[in-house]
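The lines below spell out each chain.
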Amino acid sequence: MLKFVIKRILVTIPVLLGVTLLIFTMMYFTNGDPARLILGDEATEIEVEVLREDLGLNDSFLEQYTNYLIGVIKGNLGTSYVTGIPVSVEIMDRIGITIRLATLSTLFAVVIGIPAGIISAVKQYSAVDNITMILALLGITMPNFWLALMLVLFFSVFLNILPASGLYGPLYYIMPVISISAVSIATIARMTRSSMLEVIRQDYIRTSRAKGQTEFIIIFKHALKNALIPIITVIGIQFAISLGGAVVNEQVFAIPGLGKFMVDAIKARNYPVVQGGVLVIAIMFSILNLLIDLLYAFVDPRIKTQYQKSSKKLKIAKEEG
Amino acid sequence: MNDKSNTLLFVRDLTIYYITDDGVVKAVNGISFDLERGETLGLVGETGAGKTTAALGLMRLIPDPPGKIISGEIVVNGKNILQATKHELHGYRGKEVSMIFQDPMTALNPILTVGDQIAEVIRLHEKMSKEQAYKKASDMLELVGIPSERMSEYPHQFSGGMKQRVVIAIALACNPQLLIADEPTTALDVTIQAQVLALMRELRQKYDTSMIMITHDLGVVTEICDKVAIMYAGQIVESGNLEDIYENTKHPYTKGLFGSLPSLSSKVNRLSPIHGLMPDPANLPDGCAFHPRCPNKMPECETRCSVNTEIESGHFVRCLLYE
């Protein structure tokens, strides 16, 4: 099991390398001169040229990329062009808010989505099922920034009961969490429903009925745990999307999180910030995926044996070779 | 026991349909039989004859929708199971009647240990602490010939034959009065089949359990059953004790079944199979359901279905030839 974890962590290294290369190349070829943006329109051509030299913008692509990578390995993500503060510090200041929002949204989505999906599956084709699935379809198709705007319009403008922007207390979380989690709720509910529908038709569910087990325990102990693998996958993906998708919602609600920070940085051609932000999000994605994979083994003993088998095989191979 | 007739199970006119959008599938059409304590009934028929549906009906486990028990009576220990409440059924299933399912590969929950799954049924029906239940579960496992150290393993770590033993252990864990075995050996290879049958025979003697053995294998029936009921298109066409059915075969369908078995003792050039296929239970023919395939067909067979006729004591035939 430990071997598996180490292997999985090693696999993320090329992924992260790829991410840095991709984002670096994209920023390199984007129009706009950061030196000019930093100094403003009044600066002379010579001043701009000096700054370009200082920032290393005149170096070749490969040189720039190598320098950047060396910095990253040392834990230095560069300095923000705009504020002059190290990028890592600026990201650390903001990432907490984004993670908190994404976690709250995902928890909310799980708490609503899984029971909704279970009820839909157990009462398949009933009115409850139909209504839940129509709502879920709405949730998936509705763009979340639009939902965010509608929520603001209704709760802040008309009813004036919820604050429209900022993040200064529990009340401020309500609308962002709802708008970020709408898609997640819908996706999780749909996945739970279809996964449960498949499981409750299985022979072993009939076996537990034949034992005289009560329906409640059959659904929650026997069926749900078996249906959990695809649901966990979807929850993981949705959590990752919430981390990234907060970008738009943070903009709508003026939340000072990583998303808004990055959108501002892109507008300002603030290369180090964009690169650093993307890298941090990529790392979070990788960690999340690793956790999900480990969770599979926890839920399903068959997958656990597989992991153990593969590490056993490795051992045998090493002993032989 | 105080029941004077010693009858454990009493089934009358059990009719089960599956009502689907494409029509009504008449899976079981008025079957009746009795079973005494300690007796074993073999329910024999082709695939699709309604054997499993009948068994699930006895457990009240027909998936509804689409399945519906249309009419009939199932009386176990003097209680009509068709009128039992949900709560009564929880006490009935697994305790009074339990079932061994057809496919051991899928009958066990893949994410619970074998011990958990055996202990579950024990804890449901017996007032026992957790430790006692697991102790009994390990005893059950030993009883079916699996070392109790394997309690904490998962079904995927067991072979097919061992899984079937686990299923049997679950079914027998609470000493049920009636055990329904739905083709318990079909999914197993021949050596394991013999082992499982021997095990079931042994356990039946030990606990004096009544059994319904569902099978399409006439050989299995002779090994384990006292009585036989031959099912065709949801009806019992012939029933009686082993001798009645094997030595004194009456119904053309039963004759056909035996005719299609190769025999070691007599030499025949060709087997005589039953021609045609089992009718679609959603579209049964008028009259006797067997008439399109029957070698002894009479004009009347197309319009009228025979009543169950007792031709000798305990030997029933549903055929116009014997009415």
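Residues numbered from 1 in each chain as written. Chains lettered and ligands numbered in written order. Predicted model: local features only at pLDDT ≥ 70, side-chain atom pairs only at ≥ 80, totals over all residues. Heavy atoms only, no water.

1. Focus on the overall build of chain A
Let me state the cut-off plainly: Strands here mean DSSP runs of E at least two residues long; helices mean DSSP runs of H or I at least four residues long; both are numbered from the N terminus. Burial here depends on accessible area, computed with a 1.4 Å probe over protein chains only, as a share of the maximum for the residue type. Under 20% is buried, over 50% is exposed, and the range in between is partly exposed. Here, residues are in contact when the closest pair of their heavy atoms is within 4.5 Å. Computed by Shrake-Rupley with a 1.4 Å probe, the accessible areas treat only the displayed protein chains as cover when residues are assessed. By the counting scheme adopted, Arg and Lys are positive, Glu and Asp are negative, and His together with the chain ends is not counted. Charge coordinates come from a single atom per side chain, which is NZ of Lys, CZ of Arg, CG of Asp or CD of Glu.
Helix and strand content of chain A: 13 helices and 0 strands. Counting helices and strands in the order they occur from the N terminus, chain A gives α-α-α-α-α-α-α-α-α-α-α-α-α. Across the 321 residues in chain A, those meeting the buried criterion constitute 45%. Contacts spanning at least 24 positions in sequence make up 71% of the contacts within chain A whose residues lie at least 6 apart. For chain A, the accessible area works out to roughly 16,800 Å², and carbon and sulfur atoms hold 70% of it. Of the charged side chains in chain A, 27 are positive and 22 negative; the average position of the first set lies 20 Å away from that of the second.

2. Focus: the sheet that holds strand β1 (residues 7-20) of chain B
In a beta sheet, neighbouring strands pair by backbone hydrogen bonds and run either parallel or antiparallel. Residue and element names in this part refer to chain B. Using the following cut-off: If DSSP finds at least two bridges between two strands, the strands pair.
In space, the 4 strands of this open sheet follow the order β2-β1-β4-β5, with antiparallel pairing throughout. Edge positions in the sheet fall to β2 (23-36) and β5 (79-80), since each has one partner strand and no second. When β1 meets strand β4 (residues 67-76), the two strands line up antiparallel, connected through 8 bridges. Bridging from a neighbouring strand, tyrosine 17 pairs with lysine 68 of β4.

3. Concerning the layout of surface pockets
Selection rule: In this analysis the probe radius is 1.4 Å and the grid spacing 1 Å, with only protein atoms considered; a cavity is a set of points the probe fits into but cannot get out of, a pocket is an open set with protein on both sides within 12 Å along at least five of seven lines, and lining residues have an atom within 4 Å of a point. Grid points are joined across faces, edges and corners, and a volume is the space filled by probe spheres set on the points. Gly counts as polar in this scheme, as do all residues outside two lists: the nonpolar Ala, Val, Leu, Ile, Met, Phe, Trp, Tyr, Cys and Pro, and the charged Asp, Glu, Lys and Arg. For each domain, the first and last residues come from an automatic or database assignment.
Put simply, the largest pocket is a space of about 1,300 Å³. Looking at the largest pocket, it is lined by 31 residues, and the ones nearest its centre are A:Arg209, B:Ile62, B:Pro63, B:Asp64 and B:Pro65. Listed by contribution, the elements that provide at least two residues to the lining of the largest pocket are α5 (87-122), α9 (203-210) and α10 (215-252) of chain A together with β4 and α2 (86-92) of chain B. By residue number, the principal contributor to the lining of the largest pocket is α9(A), which donates 4 residues. Its residues placed into classes, the lining of the largest pocket shows 15 nonpolar, 5 polar and 11 charged. Together, 19 residues line the second largest pocket, and A:Leu55, A:Gln64, A:Tyr68, A:Tyr81 and A:Pro272 are the ones closest to its centre. Of all the secondary-structure elements, those providing two or more residues to the lining of the second largest pocket are α1 (2-29), α4 (61-73) and α12 (271-299) of chain A. Examining the composition of the lining of the second largest pocket, we find that 4 residues originate from one element, α4(A), more than from any other. In the lining of the second largest pocket, the residues fall into 10 nonpolar, 8 polar and 1 charged. Residue assignment places the lining of the second largest pocket across two domains, with domain 1 (2-73) and domain 2 (96-307) of chain A each supplying three or more.

4. Let's talk about the pairing of β4(B)
On a regular strand, each side chain points to the face opposite its neighbour's, so the side chains alternate between the two faces of the sheet. Residue and element names in this part refer to chain B. With 2 bridges joining them, β4 and β5 adopt antiparallel strand pairing. Each residue of the ladder has a partner; that of valine 76, found in β5, is lysine 79. In textbook terms, the turn of a hairpin is the stretch between consecutive antiparallel strands, and for β4 and β5 this stretch comprises 2 residues, one of which, asparagine 77, has a positive phi near 55 degrees.

5. Describing the domain arrangement of chain A
Residue and element names in this part refer to chain A. The criterion, for reference: Put simply, buried area is the surface a 1.4 Å probe can reach on two separate parts but cannot reach once they are joined, added for both. Counted as salt bridges are all cases of a side-chain nitrogen of Lys or Arg within 4 Å of a carboxyl oxygen of Asp or Glu. Nitrogen and oxygen atoms within 3.5 Å of one another constitute a polar contact, given that in protein one can donate a hydrogen and the other can accept it, and given that sequence-neighbouring residues count only through two side-chain atoms.
Its domain assignment divides chain A into domain 1 (2-73) and domain 2 (96-307). Here domain 1 and domain 2 have C-alpha centroids that lie 33 Å from each other. Contact residues are listed per partner, giving 18 residues for domain 1 and 16 residues for domain 2. Across the domain 1/domain 2 interface, buried area totals approximately 1,700 Å², and carbon plus sulfur atoms make up 75% of it. Of all residues in domain 1, Phe4, Arg8 and Met27 give up the largest surface area on contact with domain 2, accounting jointly for 34% of the area buried on that side. Our count for the domain 1 to domain 2 interface comes out at 1 salt bridge. If you look at where domain 1 meets domain 2, you find 1 residue pair in polar contact (both at pLDDT 80 or more). Every element with two or more residues in the side of domain 1 that touches domain 2 is listed here: α1, α2 (34-39) and α4. Residue contributions to the side of domain 1 that touches domain 2 peak at 11 residues, all from α1.

6. As for empty space enclosed by the protein
Residues and elements named next belong to chain B. Applying the stated criterion across every chain, the model contains 5 cavities of 30 Å³ or more. Estimated volume of the largest cavity: approximately 90 Å³. In this structure, the largest cavity is lined by 13 residues; those nearest its centre are Cys288, Cys294, Cys301, Cys319 and Leu320. In terms of residue class, the lining of the largest cavity is built from 9 nonpolar, 3 polar and 1 charged. If you add up the space inside the second largest cavity, you get close to 70 Å³.

7. Details of the confidence of the model for chain B
Residues and elements named next belong to chain B. The line we're drawing: pLDDT runs from 0 to 100 and stands for how confident the predictor is about each residue.
Confidence along chain B averages 86 in pLDDT terms, with 98% of residues attaining 70 or more. By mean pLDDT, helix α7 (residues 190-207) is the weakest element of chain B at 82, and helix α4 (residues 114-125) is the strongest at 92. Under the prediction, the complex receives an ipTM of 0.83, its pTM being 0.81.

8. Describing the side chain of B:Arg165
The topology assignment puts B:Arg165 in helix α6 (residues 160-172). Buried within the structure, B:Arg165 lacks any salt-bridge partner; B:Glu202 is the closest side chain of opposite charge, at an N-O distance of 8.5 Å.

9. Things to note about the interface of chain A and chain B
Taken together, the 20 residues of chain A in the interface contact 23 residues of chain B. Buried surface at the junction of chain A and chain B, both sides included, amounts to about 2,100 Å², of which 61% is carbon and sulfur. The largest share of the area that chain A buries against chain B comes from A:Arg206, A:Ala210 and A:Lys211, three residues that together contribute 30% of it. For the pair chain A and chain B, the interface holds 1 salt bridge.

10. Describing α5(A)
Filter applied, for reference: Given the number of residues in a helix, its expected span is that number minus one, multiplied by 1.5 Å. To obtain the bend at a residue, axes are fitted to the seven residues ending there and to the seven starting there, and the angle between these axes is taken.
Between its terminal C-alpha atoms α5(A) stretches 50 Å, which fits the 52 Å expected from 36 residues at 1.5 Å a residue. Taking the largest bend as the criterion, α5(A) deviates by roughly 35 degrees, centred on A:Arg94.

11. Brief notes about the packing of aromatic side chains
Residues and elements named next belong to chain A. To keep things clear, this is the line we draw: The criterion for an aromatic pair is that two Phe, Tyr or Trp rings (for Trp, the six-membered ring) have centres within 6.5 Å, with stacked assigned to planes under 30 degrees apart, edge-to-face to planes over 60 apart and tilted to the rest.
Scanning all chains against the criterion turns up 14 aromatic pairs over all chains. Judged by centre distance (5.1 Å) and plane angle (90 degrees), the rings of tyrosine 28 and phenylalanine 29 are edge-to-face. Assessed through its relative accessible area of 60%, phenylalanine 29 is described here as exposed. Seen in terms of ring centroids, tyrosine 168 and tyrosine 172 are 5.3 Å apart; in terms of plane orientation they differ by 90 degrees. Their pairing is edge-to-face. You can call tyrosine 168 exposed: its relative accessible area is 69%. Residue class for tyrosine 172 comes out partly exposed when judged on its relative accessible area of 24%.

12. Observations regarding the nonpolar core
Note the following rule: Among the buried residues, those of types Ala, Val, Leu, Ile, Met, Phe, Trp, Tyr and Cys that are joined through side-chain atoms within 4.5 Å form a nonpolar core.
Among the nonpolar cores identified, the biggest contains 95 residues, and B:Leu9, B:Ile118, B:Ile180 and B:Ile212 are the most heavily contacted of them. The greatest single-element share of this core, amounting to 8 residues, is contributed by α6(B). The contact partners of B:Leu9, leaving out residues within four places of it in the chain, are B:Phe33, B:Asp34, B:Leu35, B:Leu58, B:Ile74, B:Val75, B:Val76, B:Leu178 and B:Ile212. Listed in part, the 33 residues of the second largest apolar core include A:Met27, A:Ala43, A:Leu258 and A:Ala265.

13. Quick look at the pattern of salt bridges
It is possible for side chains of opposite charge to pair when their charged atoms get near one another. All names here are of chain B. Enumeration over the complete set of coordinates arrives at 20 salt bridges over all chains. A salt bridge links arginine 12 to aspartate 34, with the nearest nitrogen and oxygen atoms 3.2 Å apart. Here aspartate 34 lies in strand β2 and arginine 12 lies in strand β1, a separation of 22 residues in the sequence. Judged by its relative accessible area of 27%, arginine 12 falls in the partly exposed class. With a shortest N-O distance of 3.5 Å, glutamate 302 and lysine 297 are connected by a salt bridge. Its relative accessible area of 41% is what places lysine 297 among the partly exposed residues. Three or more residues are tied together by salt bridges with common partners; here these are Lys95, Glu126 and Lys136.

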